[in-house]
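# Per-entry structural report
So the chains spell out like this:
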Amino acid sequence: MVVLSQSQASIVLQTKNTHLVLTVGNNHRLYQSYLGARLTSPGDLEKLSGGREVYLTGGMENQFEPAIRMVHADGNPSLELEYASHTTEQKENVSYINIILKDPVYPVKVQLQYRGYFNEDVITCNATIQHHEKKPVRLTQYASSLLHFNAGTYWLTQFHGDWAREANMVDEQLTNGIKNIESKLGTRTNFYQTPAFFLSLDKPATETSGELIAGTLGWTGNFQFTFEIDQRNQLRLRSGINPFASDYTLNPGELFTTPEFIFTYSNQGKGQASRNLHRWARNYAVLDGKSPRLTLLNNWEATYFNFNETKLIELFDGAKQLGVDLFLLDDGWFGNTFPRDSDKAGLGDWQENKSKLPNGIGRLVAEATKRGIKFGIWLEPEMVNPKSDLYQQHPDWILRLPNRAVHLARNQLVLDLTNPKVQDFVFSIVDGLLTKNLGVAFIKWDCNRSMTNAYSAYLKEKQSHLFIEYTRCLYKVLDRIRARYPHLPIMLCSGGGGRTDYGALKYFTEFWPSDNTDGLERIFIQWGYSYFFPANTMAAHITSMGKGQSLKFRTDVAMAGKLGYDIRVNEFTPQELQFSQEAVTTYKRINDVIWQGDLYRIISPYEENRAVTMYVNDKKSKAILFNYILNVRRKDIFTRVQLQGLDAQKKYRFKEINLFPGTKANNPDNDKVFTGDYLMTVGLNLTPGKVLSLTSNVYEITEE
């Protein structure tokens with residue numbers, strides 16, 4: 001570790017293709033002097049100076065959005081931060097830079113933390129704020145980072161939506177003023193706005209060209225990205241927790257650490273930025289990101305709340321027939337005083353319903369084990385129904401406004417996780433279930449309710465801490481769970497894609513992108529999320545949703561993520577059952593390429609009535625290509641497709657797989673051998689003959 005003085009003013013963070021250079025000015029403030037493509041000559045780095053202040057403060061001469069604003073104990077609403085020192089450390093692939101900034105008048109210290117992941121070209125940054133005044137201070141702004149850009153024009157790609165239509169992609173040119181992407185949901189990150197974006201410089205970026213950064217935030221709560229263009233056409237990007245209704249009273253000596261802003265720079269378009277994030281996520285950010293995942297059959301669409309022990313055990317046979325790894329029991333298995341026969345009762349009472357499951361979860365685990373499959377279960381431990389024993393016994397454990405009518409969403413309320421007793425309760429739900437039933441091998445953790453009319457009896461006069469403390473306390477519970485069960489697969493669900501962030505994914509193995517499993521809709525939903533999250537994190541289930549869509553089409557769409565089923569297997573025709581069995585076998589054979597390979601989005605469904613993507617393994621010896629035809633119109637003309645990511649010098653066999661029984665590949669290039677150069681330069685016709693709506697192909701491309 002090296003400690004540098006102010007006279008050694010240049011601070012350089014380097015990844016394989018990126019440089020971030022910070023310098024100290026004559027006024028002792030810290031400036032961002034460069035962020036962009038890696039400079040090859042050390043002499044060029046030495047010439048860099050000036051720029052914009054790295055962590056702009058409020059209350060001084062700055063007239064734009066600050067990274068930090070503090071009101072001191074004496075009422076002074078200003079802060080000045082001067083460079084004091086920094087340390088650098090290299091541990092294998094990761095560079096660590098910690099920079100200390102101090103106020104020359106008040107005993108306030110801010111530590112900026114940067115992490116550079118060399119091979120992945122990913123940088124993370126956040127801040128830790130501390131003071132030693134005699135009384136508490138008030139924080140009204142506390143960004144994770146502030147980045148500066150100077151380009152002719154700026155183009156923002158954001159992702160928005162609603163329940164069942166998550167991650168819709170929209171491009172727009174930014175103009176002078178402020179553009180915010182933010183949420184105020186409390187328990188969840190995403191609903192209307194997804195916490196991820198592309199910022200392109202000078203022109204809109206494509207998959208393969210353009211200069212940009214891709215950014216996201218590691219925080220499972222209210223977030224805010226602010227894009228501000230000033231009078232000189234310079235852009236400031238501020239990221240972090242949304243300070244809405246969240247002034248924070250910071251006690252002397254207390255540490256306030258912001259979540260990590262995660263970004264990657266690319267001058268080769270969105271595709272390269274996406275692959276950078278995927279590699280980083282699998283290596284560092286997602287629980288067991290390099291490990292295999294479980295395929296599963298869920299009972300929800302087969303039974304909803306209407307099941308009993310006998311019916312569930314019969315469904316185990318469907319899982320065994322399919323050849324999946326696990327059966328997942330969904331909502332409806334708990335509650336006795338208030339049976340969970342609908343979503344109106346039972347949440348909070350996590351005991352097996354004696355009528356439905358007279359022999360408990362243990363019997364189900366044993367019966368699944370007999371059939372050679374694992375058993376998993378659904379929980380929503382942060383929530384409560386008014387019709388529950390928990391609600392009646394602990395009214396002080398619930399977030400609700402005094403002197404106001406109770407506001408329900410999905411017939412439920414949120415437990416107050418800021419209360420340590422509630423944290424213990426939530427941990428005990430999971431720990432008790434797993435201790436009592438040793439064979440439980442998977443959990444689906446749901447969160448169907450955002451915060452409204454929220455008030456914490458535990459926090460008392462510190463209500464402005466609620467949004468922040470709830471997320472912190474969720475992490476405390478998850479830390480306890482992971483300390484005891486470090487590798488248990490847990491799916492992160494939140495009324496669909498409500499928790500799609502890397503703050504949570506370090507505790508979870510996958511997330512549920514949407515309750516909408518219509519194959520056509522899922523192409524767009526998975527397309528949006530695929531920019532920021534690797535395939536092994538995106539649970540993609542085959543269901544009966546999707547009018548006019550074949551089982552093959554729905555299966556081919558789900559295969560591009562982490563495959564699962566939520567369907568009535570006993571209603572399959574013999575051919576559908578055979579196809580599904582073969583599809584599971586095929587998926588298990590090829591899923592390492594999909595889960596760990598580089599993703600290339602070749603034809604966008606936003607640009608044509610088809611979508612083409614492919615995954616290529618590290619050795620460029622195998623690729624899996626997905627070809628989806630959407631709703632075709634007479635105007636559509638589908639040209640040849642140039643593949644990407646292969647080795648131009650290698651030879652590859654191109655072969656269609658995952659065919660429905662009784663059908664044959666109709667592509668004239670099927671089972672032929674081509675050079676990588678030919679496939680990437682000349683390309684292939686993936687739509688020979690008559691093009692039919694809502695059809696699909698999966699091709700395996702293997703080195704000869």
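None of these values were measured; they are calculated from a predicted model. Numbering of residues starts from 1 in every chain and runs along the sequence as written. With pLDDT at 70 or above as the cut-off, local features in this predicted model cover only qualifying residues; side-chain atom pairs require 80 or more to be listed or tallied, and sums for whole chains, interfaces and linings still use all residues. Excluding hydrogens and water, the side-chain values take into account all heavy atoms of the structure.

## A look at the overall build of the protein chain
Worth spelling out the cut-off: To qualify as a helix, a DSSP run of H or I must reach at least 4 residues; to qualify as a strand, a run of E must reach at least 2; elements of each kind are numbered from the N terminus. Radius of gyration means the value over C-alpha atoms here, while the globule rule gives 2.2 Å times the residue count to the 0.38 power. Only protein chains enter the accessibility calculation, which uses a 1.4 Å probe; a residue is then buried when its area is under 20% of its type maximum, exposed when over 50%, and partly exposed in between. Here, residues are in contact when the closest pair of their heavy atoms is within 4.5 Å. The method behind every accessible area is Shrake-Rupley, applied with a 1.4 Å probe, and residues are considered shielded solely by the protein chains displayed. Asp and Glu are treated as the negative residues and Lys and Arg as the positive ones, with His and the ends of the chain left uncounted. Charge placement uses NZ in Lys and CZ in Arg. For Asp and Glu, CG and CD serve respectively.
Helices and strands together make up the secondary structure of the protein chain, namely 13 helices and 38 strands. Compactness check: the protein chain gives a C-alpha radius of gyration of 26 Å against a globular reference of 27 Å for 704 residues, within 12% of the reference. By its C-alpha atoms, the protein chain is 80 × 70 × 45 Å across when sized along the principal axes. Out of the 704 residues in the protein chain, the part that is buried amounts to 61%. Considering only contacts within the protein chain whose residues lie at least 6 apart along the sequence, 69% involve residues at least 24 apart. Just so you have it, the protein chain exposes about 26800 Å², and 49% of that area is on carbon and sulfur atoms. Looking at the protein chain, you have 78 positive and 75 negative side-chain charges, and the mean spots of the two groups are 2 Å apart.

## A short note on the sheet that holds strand β35 (residues 622-629)
The condition is simple: A pair of strands is considered paired only if DSSP assigns at least 2 bridges between the two. Each axis is a line fitted through C-alpha atoms, taken for helices only over the stretch in contact, and angles between the N-to-C directions span 0 to 180 degrees.
If you walk across this open sheet you meet the six strands as β33-β34-β35-β38-β36-β37, and the pairing is antiparallel. Whereas interior strands pair on both sides, the edge strands pair on one side only; in this sheet they are β33 (598-603) and β37 (672-675). Pairwise comparison of adjacent strand axes, ignoring direction, gives a mean angle of 25° for this sheet. Of the strand pairs in this sheet, strand β36 (residues 651-657) and strand β38 (residues 695-703) are connected by six bridges, and their pairing is antiparallel. Bridge pairing in β38 links Tyr-652 to Glu-703.

## Brief notes about the sheet that holds strand β5 (residues 52-53)
One open sheet accounts for four strands, arranged β2-β3-β4-β5; its pairing is antiparallel. Only two strands of the sheet have a single neighbouring strand rather than two, namely β2 (11-14) and β5. In the sheet, strand β3 (residues 18-24) pairs with strand β4 (residues 30-37) via seven bridges, with the strands oriented antiparallel. What sits directly across from Leu-22, in β4, is Gln-32.

## Digging into the confidence of the model for the protein chain
Threshold: On a scale of 0 to 100, pLDDT captures the predictor's confidence in every residue.
Averaged over all residues, the pLDDT of the protein chain equals 96, while 99% of them reach at least 70. Contacts from residues 1-7, a stretch scored under 50 in pLDDT, to residues over four places away or in other chains number 15 contacts.

## Overview of the environment of Gln-90
Just so we agree on the cut-off: Between N or O atoms, a polar contact is any pair within 3.5 Å; within protein, one atom must be a potential hydrogen donor and the other a potential acceptor, and residues adjacent in sequence are included only when both atoms are from side chains.
Checked against the element boundaries, Gln-90 lands in strand β7 (residues 82-91). Separated by 203 residues in the primary sequence, Gln-90 and Arg-293 have C-alpha atoms spaced 32 Å apart. A distance of 2.6 Å separates a polar atom in the side chain of Gln-90 from a polar atom in the side chain of Ser-95.

## Here we look at the nonpolar core
How we decide: We define the nonpolar core as a collection of buried residues of types Ala, Val, Leu, Ile, Met, Phe, Trp, Tyr and Cys that are connected through side-chain atoms lying within 4.5 Å of one another.
Counting 189 residues, the largest nonpolar core has Tyr-55, Leu-329, Trp-333, Ile-361 and Phe-375 as its most contacted members. A total of ten residues in this core trace back to one element, the largest contributor, which is helix α8 (residues 466-484). Residue contacts for Leu-329: discarding those within four places in its chain leaves Asn-299, Phe-307, Leu-312, Leu-357, Ile-361, Leu-364, Phe-375, Gly-376, Ile-377 and Trp-378. In terms of nonpolar packing, the next biggest core, distinct from the first, is built from 19 residues, Tyr-600, Met-614, Ala-623 and Ile-701 among them.

## A short note on the packing of aromatic side chains
Convention followed: Stacked, edge-to-face and tilted labels apply to pairs of Phe, Tyr and Trp rings (six-membered ring for Trp) whose centres lie within 6.5 Å, assigned for plane angles under 30 degrees, over 60, and everything in between, in that order. Here, a charge over a ring is recorded when the distance from Lys NZ or Arg CZ to the ring centre is within 6 Å and its angle to the ring normal is within 35 degrees.
Under the defined criterion, the tally for this structure stands at 42 aromatic pairs. The interplanar angle of 20° and the centroid separation of 6.0 Å between the aromatic rings of Phe-626 and Tyr-628 together place this pair among those described as stacked. The same class applies to Phe-626 as to Tyr-628, namely buried. Three or more aromatic residues joined by ring pairs form one cluster here, namely Tyr-117, Trp-280, Tyr-284, Tyr-502, Phe-511, Tyr-529 and Phe-533. Taking NZ or CZ as reference, Arg-480 lies 4.3 Å from the ring centre of Phe-427, over its face. Here the guanidinium or amino end of Lys-506 rests over the ring plane of Tyr-475, the centre of that ring lying 5.7 Å away.

## Some thoughts on the pattern of salt bridges
Which entries qualify depends on this criterion: Salt-bridge detection follows one rule: a side-chain nitrogen of Lys or Arg within 4 Å of a carboxyl oxygen of Asp or Glu.
Inspection of the entire model under this criterion finds 37 salt bridges. Taking the shortest distance from any N to any O, the salt bridge between Arg-165 and Asp-162 comes out at 4.0 Å. In this structure Arg-165 comes out as partly exposed when scored by relative accessible area, which is 43%. A salt bridge links Glu-367 to Arg-371; its shortest N-O distance comes to 2.9 Å. For the residue pair Glu-367 and Arg-371, the accessibility class agrees, reading buried in each case. Residues joined by salt bridges that share partners form a network here, namely Glu-309, Asp-317, Arg-363, Glu-367, Lys-370 and Arg-371.

## Quick word on the environment of Glu-582
Within the fold, Glu-582 resides in helix α12 (residues 574-596). A C-alpha to C-alpha distance of 63 Å links Glu-582 and Val-108, two positions 474 residues apart in sequence.

## Notes on helix α2 (residues 269-285)
Side chains of residues three or four places apart in an α-helix project in the same direction, reflecting 3.6 residues per turn. What counts, and what does not: Expected span of a helix, by definition, is 1.5 Å for each gap between consecutive residues, and there is one gap fewer than residues.
Between its first and last C-alpha atoms α2 spans 23 Å; for 17 residues at 1.5 Å apiece the expected length is 24 Å, and the two agree. Of all 17 residues in α2, 14 are buried, a share of seventy percent or more.

## A word on unusual backbone geometry
Within the chain, Asp-202 stands out as a residue other than glycine whose phi angle is a positive 75°. Secondary-structure assignment places Asp-202 in the loop between β16 (193-201) and β17 (211-217). Its identity as a non-glycine residue notwithstanding, Lys-460 has a phi of 55°, on the positive side. Take Lys-460: it is sitting in the loop between β28 (440-445) and α8.

## Some remarks on the packing of helix α10 (residues 519-530) against helix α11 (residues 551-558)
Put simply, the rule is: Roughly parallel here means an angle under 35 degrees, roughly antiparallel means over 145, roughly perpendicular means 65 to 115, and every remaining angle is called oblique. Whether a crossing is left-handed or right-handed is set by the direction in which the near helix is turned from the far one by less than a right angle, anticlockwise for left-handed and clockwise for right-handed. For this classification, the nonpolar set comprises Ala, Val, Leu, Ile, Met, Phe, Trp, Tyr, Cys and Pro, the charged set comprises Asp, Glu, Lys and Arg, and every other residue, Gly included, is treated as polar.
Running from N to C, α10 and α11 point in directions that differ by 15°, and their axes come no closer than 9 Å. Between α10 and α11, the angle falls in the class roughly parallel. Seen along the crossing, α10 lies across α11 with a hand that is left-handed. For the pair formed by α10 and α11, the contact residues are Gly-519, Leu-520, Arg-522, Ile-523 and Gln-526 on the first element and Phe-553, Arg-554 and Val-557 on the second. Tallied by class, the residues present in the contact of α10 with α11 amount to four nonpolar, two polar and two charged.

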